Amino acid sequence: QVQLVESGGGLVQAGGSLRLSCAASGRTFSSYARGWFRQAPGKEREFVAAISKNGGSTDYADSVKGRFTISRDNAKTTVILQMNSLKPEDTAVYYCAVRRPGGSSYRAPGEYDYWGPGTQVTVSS
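Residues numbered from 1 in each chain as written. Predicted model: local features only at pLDDT ≥ 70, side-chain atom pairs only at ≥ 80, totals over all residues. Heavy atoms only, no water.

Asker: Any chance you could explain the sheet that holds strand 7 (residues 68–72) here in plain terms?
Answerer: Strands pair in a sheet through their backbones, by hydrogen bonds, and they do so in one of two ways: parallel or antiparallel. Strand order in the open sheet formed by 4 strands is 1-3-8-7, with antiparallel pairing between adjacent strands. Both edges of this open sheet fall to strand 1 (3–7) and strand 7, since each of them pairs with a single strand only. Strand-to-strand twist across the sheet, computed as the mean angle between neighbouring axes with direction ignored, equals 15°. Pairing of strand 3 (residues 18–25) with strand 8 (residues 78–83) involves 6 bridges; the strand directions are antiparallel. Across the sheet, the residue bridging to Ser21 is Ile80, located in strand 8. (Pairing = 2+ DSSP bridges. Helix = DSSP H or I, 4+ residues; strand = E, 2+ residues; numbered from the N terminus. Axes fitted to C-alpha atoms, helices over the stretch in contact; angles between N-to-C directions.)

What follows is the structure, given as structure tokens:
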């Protein structure tokens, strides 16, 4: 059974850092692009960051560019989202996802087939 599990969320003060991790089990997804999305209360799920299957290409939402970094490990089973200079508006549930092969967009949630249950990130002012 394929599972994605996020970890590393929590409560942090504005300006602080968190490191989110997304581990896959059941499959390695080494040949799949991976992404992070977030959803704040009362808002739609939004794209945060994505990384290509070989790690050579990344994409970031403008709101996090320069503060967040996405990476994947050599075994391609875990994807990391390093979040620095956090702001209260970054507060949301963060989800990792696996994009289906041949997808045309990193930013559309509909391009992703597998999702984790999410991890809460709360940034206090």
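Asker: Help me out: how do you make sense of the state of the cysteines in this one?
Answerer: Two cysteines form a disulfide when their sulfur atoms are joined by a covalent bond. Applying the stated criterion to the full structure yields 1 disulfide. The disulfide partner of Cys22 is Cys96, and the S-S distance across this bridge is 2.0 Å. Sign of the S-S torsion, about 55° for the bond between Cys22 and Cys96, identifies this disulfide as right-handed. Here Cys22, found in strand 3, pairs with Cys96, found in strand 9 (residues 92–99); they are 74 residues apart in sequence, far enough to count as distant. Here Cys22 matches Cys96 in class, with each residue buried. (Disulfide = S-S within 2.5 Å. Buried < 20%, exposed > 50% of the residue type's maximum accessible area, 1.4 Å probe, protein only.)

The quantities given are spatial measurements derived from coordinates; they are silent on function.
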